[in-house]
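# Structural features, examined
Spelled out, the chains give:
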Protein chains: 4
Amino acid sequence: MQSAISDPRVVETTFPVRYAETDQMQVVHHASYVVWMEEGRSEFMRQCGADYAEIERAGHFLAVTSVQARDLAPAHYGERVTVRTWVDELRSRRLTFGYEIVNAETGALLVTGKSEHVCLDRQGRVTRIPELFRSALPPQR
Amino acid sequence: MQSAISDPRVVETTFPVRYAETDQMQVVHHASYVVWMEEGRSEFMRQCGADYAEIERAGHFLAVTSVQARDLAPAHYGERVTVRTWVDELRSRRLTFGYEIVNAETGALLVTGKSEHVCLDRQGRVTRIPELFRSALPPQR
Amino acid sequence: MQSAISDPRVVETTFPVRYAETDQMQVVHHASYVVWMEEGRSEFMRQCGADYAEIERAGHFLAVTSVQARDLAPAHYGERVTVRTWVDELRSRRLTFGYEIVNAETGALLVTGKSEHVCLDRQGRVTRIPELFRSALPPQR
Amino acid sequence: MQSAISDPRVVETTFPVRYAETDQMQVVHHASYVVWMEEGRSEFMRQCGADYAEIERAGHFLAVTSVQARDLAPAHYGERVTVRTWVDELRSRRLTFGYEIVNAETGALLVTGKSEHVCLDRQGRVTRIPELFRSALPPQR
């Protein structure tokens, strides 16, 4: 995966590691990476002007169809992390986000990830990715 | 708090500690106690014949108005825990559950807790505790 | 509980609600309040110059002995929340933090809380609250 | 992925969906699948006679190097789920688990997943998968 550094289509969000996110191996538990990626996705959408909270109120639900994370180095309590998020692929009925999680101080790459989504309506039927959302996205990488 | 042992109005549920529930202090993080107490409450209601999933489908929502947990001894990955749940107080518009969490093997008392609830309708208004639920509850302690 | 607004001994930290923190009642699950209070405590200690990550490396562990939260109003995905944290009581062997969680935009009070702690050494024995930590704390309210 | 049904090398564990695991889309949040897969792995190892809690006490740490989950159908509060776990690949320094999560009542396949692991010693160095663990594993699929 190509480094996301200084790409204008990449949105960054930075926050401290929470104590509750560690496990007895003294590092962040990998389930938190999935939550952090979602948090990166939320920030990505807010910065695009397509706040996901509003998208849901408009009746569109971006359901996760797959998620993956590759753990390259551990994150620790006491560190701050930056999640970099971008649109990896946009098709009529499928949207893929890419992620990098780095140590906010050192820039060390900790995790790379990907999530795939479909858009559902209020009845749970798969629809096209709505124009409201599509038009807000930056051009693909 | 009086011991809940062998009280017929107390419902028990037992499960293994999850690795993800530990933190870097090598013990279960205290936020998990709140989740375990809710799991005890779910099992309590299933065994009373008032499955909470059905109660929500009928339009009644048992919202938490306060929760407290006293940590007496740590729980560890590799142990099984038992949550004992009972109705501590039932009023027309307020319901309080009491809890004890013990080590399932040794019986050692780990946590005592309490949660208070009100019942909301679909519009979010506080209602009386519904008859559907009230009639299912065992007599109070 | 007295309002914490504009008290110099109160430390504030603000962050967006995470989607993963919601539950099917369409609001934040109350176990997240416990995590947010801990996050408030972490920020409190960082701002006092007594970063808890360093305190643990020095062999002092601030274990939770009790926690309580009173839920006054729900938090929602799409909102930002501010956790206000202060030292409620400091004794030789016991430390109590107080918390308020408010909607960062409207200031509406959502949750009030409290957590009690003892200090453990590497062998798990209760010790006095260490001088390292005590001297960093602001004067009590 | 081949169905794991009635394969003797597959270990099953069944538990109720927790309310805290749902999100405002009214289904289980996908980060919980990662926790459930870990719970499947824990049960797998307990049934093999290689309890992971003991393996850690012996100084071996099974770190996650990657995880993936494919969400085929949602899980709901009120349902019970079964996690099926097996060893997908065992190499000298790498271990891969495969998973299926099904609705325990209907058998409907909800999630397929995979996790890769390396073994670390107390100093965090990658070691061979320890004999203690290797000998406990059933033959590979």
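Residues numbered from 1 in each chain as written. Chains lettered and ligands numbered in written order. Predicted model: local features only at pLDDT ≥ 70, side-chain atom pairs only at ≥ 80, totals over all residues. Heavy atoms only, no water.

Now for the overall build of chain A. For chain A, the helix and strand inventory stands at 3 helices and 6 strands. What you see in chain A, going N to C, is helices and strands ordered as β-α-α-β-β-β-β-β-α. The principal-axis extent of the C-alpha atoms belonging to chain A is close to 45 × 30 × 20 Å. Going through the 141 residues of chain A one by one, you find that 62% of them count as buried. Across chain A, the fraction of contacts at a sequence separation of at least 24, relative to all contacts at a separation of at least 6, is 67%. On chain A, roughly 5,800 Å² of surface is accessible, and the fraction owed to carbon and sulfur atoms is 47%. Looking at chain A, you have 17 positive and 19 negative side-chain charges, and the mean spots of the two groups are 7 Å apart. (Helix = DSSP H or I, 4+ residues; strand = E, 2+ residues; numbered from the N terminus. Buried < 20%, exposed > 50% of the residue type's maximum accessible area, 1.4 Å probe, protein only. Contact = heavy atoms within 4.5 Å. Areas by Shrake-Rupley, 256 points an atom, 1.4 Å probe, with all protein chains shown as cover. Lys, Arg positive; Asp, Glu negative; His and termini not counted. Charge placed at Lys NZ, Arg CZ, Asp CG, Glu CD.)

Let us now look at the relation of the copies chain D and chain B. It takes a turn of 180° to lay chain D on chain B, together with a shift of 0.0 Å along the axis; the resulting RMSD is 0.0 Å. Both copies of the chain, as the preceding transformation shows, are related through a two-fold rotation axis. Measuring from the rotation axis to each C-alpha of chain D, the shortest distance belongs to D:Phe15, at 4.3 Å. In this assembly the copies share their binding face: 100% of the residues contributing to the interface of chain D also contribute to that of chain B. (Least-squares fit on C-alpha atoms with pLDDT ≥ 70 in both.)

Every contact between the two is made by 23 residues of chain A and, on the other side, 23 residues of chain D. When the two sides are added together, the surface that chain A and chain D hide from each other amounts to roughly 1,900 Å², 55% of it contributed by carbon and sulfur. If you look at where chain A meets chain D, you find 8 residue pairs in polar contact (both at pLDDT 80 or more). Mapped by element, the contributors of at least two residues to the side of chain A that touches chain D are α1 (31-47), α2 (52-57) and β2 (61-71) of chain A. Looking at which element gives the most residues to the side of chain A that touches chain D, the answer is β2(A), with 11 residues. For the side of chain A that touches chain D, a count of residues per class yields 11 nonpolar, 6 polar and 6 charged. Of the strand pairs in this sheet, β2(A) and strand β2 (residues 61-71) of chain D are connected by 5 bridges, and their pairing is antiparallel. (Buried area = accessible area lost by both parts, 1.4 Å probe. Polar contact = N/O pair within 3.5 Å; in protein donor to acceptor, adjacent residues only side chain to side chain. Nonpolar A, V, L, I, M, F, W, Y, C, P; charged D, E, K, R; others polar. Pairing = 2+ DSSP bridges.)

Here the focus is the pattern of salt bridges. If you walk through the whole model with that rule in mind, you get 36 salt bridges over all chains. A salt bridge links B:Glu12 to B:Arg84, with the nearest nitrogen and oxygen atoms 3.1 Å apart. You can see B:Glu12 sitting in strand β1 (residues 11-16) and its partner B:Arg84 sitting in strand β3 (residues 80-90), a full 72 residues away along the chain. Note on B:Glu12: relative accessible area 42%, which makes it partly exposed. A relative accessible area of 10% means that B:Arg84 is categorised as buried. Its salt-bridge partner being C:Asp121, residue C:Arg125 comes within 3.0 Å of it at the nearest N-O pair. Here the salt bridges do not stand alone but share partners, grouping A:Glu12, A:Arg84 and A:Glu100 into one network. (Salt bridge = Lys/Arg side-chain N within 4 Å of Asp/Glu carboxyl O.)

In this complex, chain D contributes 18 residues to the contact, which on the side of chain B involves 18 residues. Contact with chain B buries surface across chain D, with D:Arg18, D:Tyr19 and D:Tyr77 losing the most and accounting together for 39% of the total. At the junction of chain D and chain B, the tally comes to 2 salt bridges. Between D:Glu21 and B:Arg18 there is a salt bridge, with the nearest N and O atoms lying 2.8 Å from each other. Here chain D is connected to chain B by 8 residue pairs in polar contact (both at pLDDT 80 or more). Mapped onto the side of chain D that touches chain B, the elements with two or more residues apiece are β1 (11-16), α1 (31-47) and α2 (52-57) of chain D. Classifying every residue of the side of chain D that touches chain B gives 10 nonpolar, 2 polar and 6 charged.

Residue and element names in this part refer to chain C. The end-to-end C-alpha distance of helix α1 (residues 31-47) is 25 Å, a good match for the 24 Å that 17 residues give at a rise of 1.5 Å each. Of all 17 residues in α1, 15 are buried, a share of seventy percent or more. Positive backbone phi, approximately 80°, marks glycine 49, located one or two places after α1. (Expected span 1.5 Å × (residues − 1).)

Evaluation of the coordinates by the stated rule reveals 0 disulfides over all chains. The thiol sulfur of A:Cys119 is not disulfide-bonded, and the nearest other cysteine sulfur, from A:Cys48, lies at 15 Å. (Disulfide = S-S within 2.5 Å.)

Let us now look at the confidence of the model for chain A. Should pLDDT be low for a region, the predicted coordinates there are not to be read in detail. Residue-level pLDDT values for chain A average 92, and 94% of them are 70 or greater. Scored as a whole, the predicted complex attains pTM 0.95, and scored at its interfaces, ipTM 0.93. (pLDDT = per-residue confidence, 0-100.)

Residues and elements named next belong to chain B. Within the fold, aspartate 51 resides in the loop between α1 (31-47) and α2 (52-57). Aspartate 51 gets classed as buried once you look at its relative accessible area, which sits at 17%. Each C-alpha atom of the pair aspartate 51 and glutamate 116 lies 18 Å from the other, and the pair is 65 residues apart in sequence. Excluding anything up to four places from it in sequence, aspartate 51 contacts Met45 and Arg46.

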